[in-house]
Amino acid sequence: MDLKDKVVVITGGAGGLGYAMAENLAAAGAKLALIDVDQEKLEKACANLGATTEVQGYALDITDEEDVFSGFQFIKEDFGQVNVLINNAGILRDGLMLKAKEGQVIDRMSYDQFQSVINVNLTGTFLCGREAAAAMIETGQEGVIINISSLAKAGNMGQSNYSASKAGVAAMSVGWAKELARHNIRSAAVAPGVIETEMTAAMKPEALERLEKMVPVGRLGQAEEIASTIRFIIENDYVNGRVFEIDGGIRL
Ligand SMILES: NC(=O)c1ccc[n+]([C@@H]2O[C@H](COP(=O)([O-])OP(=O)(O)OC[C@H]3O[C@@H](n4cnc5c(N)ncnc54)[C@H](O)[C@@H]3O)[C@@H](O)[C@H]2O)c1
């Protein structure tokens, strides 16, 4: 797909990796519809990106079915079409499933801690994927849907909720690739390793060094390296139903 004048929706587009994707795709000529729950951050992002392309922000929570439905109706009204969805919004609420000491269970991951991550990362991705595909079909557009998974999809200690959600979004992309190809919609996923973000910048230098040593290439990834993968997937029409692991070779 040639990105020039295509309409790209990015969830969680106000910051972090989502913003880096927005910058990259705007430079390729795409128009942007950014969805984020953080209205203030969203306004700033739109103001910055507005210098490069047409951009609109939609402040909504992707776990809310009605919000997502009406959000995509607004995007259709504002832009007249939807071509790409990047399901990037995600949260972490790490913790062990159980903590035990001397044969006694002293703590459990709560239902809410588990479910809140599933709600955003998995259910939110499903809801946005469904409405984006509907908008693509109804406006007769070719489409691409990309879900952001994670290295943690392999299963990570302390991440029952996150790992399950990220394995789920990878699997959904493969299913959607098969289901939606007949409507001229492709789907894929990107599973980043550890990427340099505000969170990693705030880590202690010793902890950061330990983390970097775990990566065969000897460094953390850059947001731009994820953004350029997204662009490759969109631009290459033969990519479908695959999960791209962009992680410097690290394995859990
Ligand atoms: N940063 C990494 O190293 C890394 C590694 C692997 C995977 N990922 C995945 O990449 C994606 C982006 O990560 P990031 O590091 O940029 O995170 P981030 O926290 O910087 O950005 C996530 C964005 O999503 C938004 N968001 C959260 N919940 C939302 C909701 N319910 N509705 C709408 N928007 C919501 C937040 O406001 C935020 O702007 C996530 O899915 C994350 O799991 C990140």
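Values in this document were obtained by computation on a predicted structure and should not be read as measured data.

Participant: How would you explain the sheet that holds strand β8 (residues 185-192) if you had to name every residue and give the values?
Facilitator: The seven strands are arranged β3-β2-β1-β4-β7-β8-β9 in an open sheet whose pairing can be described as parallel. On the outer flanks of this sheet lie β3 (55-59) and β9 (243-246), each paired with one strand and no other. Strand-to-strand, the axes of this sheet are offset by a mean angle of 15°, without reference to chain direction. Bridge analysis of strand β4 (residues 84-87) against strand β7 (residues 143-148) gives four bridges, and the strand direction is parallel. Residue pairing for β7: asparagine 87 is matched across the bridge by asparagine 147. Sheet strands in contact with helix α3 (residues 65-79) are β1 (7-11), β2 (31-36), β3 and β4, and its direction is about 165° off that of β3. Of the strands in this sheet, β4, β7, β8 and β9 touch helix α5 (residues 160-180), which is tilted by about 165° from β7.

Participant: Give a detailed account of the side chain of glutamine 81, specifying residues and quantitative values.
Facilitator: Note on placement: glutamine 81 falls in the loop between α3 and β4. There is a polar contact of 2.8 Å between the side chain of glutamine 81 and the side chain of asparagine 83. With residues near it in sequence (within four places) discarded, glutamine 81 still touches Asp5, Lys6, Val7, Lys76, Thr139 and Gln141.

Participant: Break down the pattern of salt bridges for me, with residues and values.
Facilitator: Taken as a whole and judged by the stated rule, the model has 13 salt bridges. With a shortest N-O distance of 3.6 Å, lysine 213 and glutamate 209 are connected by a salt bridge. Residue lysine 213 and its partner glutamate 209 are located together in helix α7 (residues 205-213), separated by four residues, close to a single helical turn. Between glutamate 245 and arginine 251 there is a salt bridge, and its shortest N-O distance comes to 3.3 Å.

Participant: Please give an account of the site of the ligand that cites residues and values.
Facilitator: Near the ligand you find 26 residues, and of these Leu17, Asp36, Asn88, Tyr162 and Lys166 are the closest. Side-chain polar atom of aspartate 36 to an oxygen atom of the ligand: 2.6 Å apart, as the coordinates give it. One of the side-chain N or O atoms of lysine 41 is found 3.1 Å from an oxygen atom in the ligand. Protein chains shield 83% of the accessible area of the ligand, which is 830 Å² for the free molecule. With respect to the pocket detection grid, the ligand is positioned in the largest pocket. If you list the elements that add at least two residues to the shell around the ligand, you get α1 (16-27) and α5.

Conventions and cut-offs
Residues numbered from 1 in each chain as written. Predicted model: local features only at pLDDT ≥ 70, side-chain atom pairs only at ≥ 80, totals over all residues. Heavy atoms only, no water. Pairing = 2+ DSSP bridges. Helix = DSSP H or I, 4+ residues; strand = E, 2+ residues; numbered from the N terminus. Axes fitted to C-alpha atoms, helices over the stretch in contact; angles between N-to-C directions. Contact = heavy atoms within 4.5 Å. Polar contact = N/O pair within 3.5 Å; in protein donor to acceptor, adjacent residues only side chain to side chain. Salt bridge = Lys/Arg side-chain N within 4 Å of Asp/Glu carboxyl O. Near = heavy atom within 4 Å. Areas by Shrake-Rupley, 256 points an atom, 1.4 Å probe, with all protein chains shown as cover. 1 Å grid on protein atoms, 1.4 Å probe; cavity = no way out; pocket = protein on both sides within 12 Å on 5 of 7 lines; lining within 4 Å. Sits in = over half its atoms within 2 Å of the grid points.

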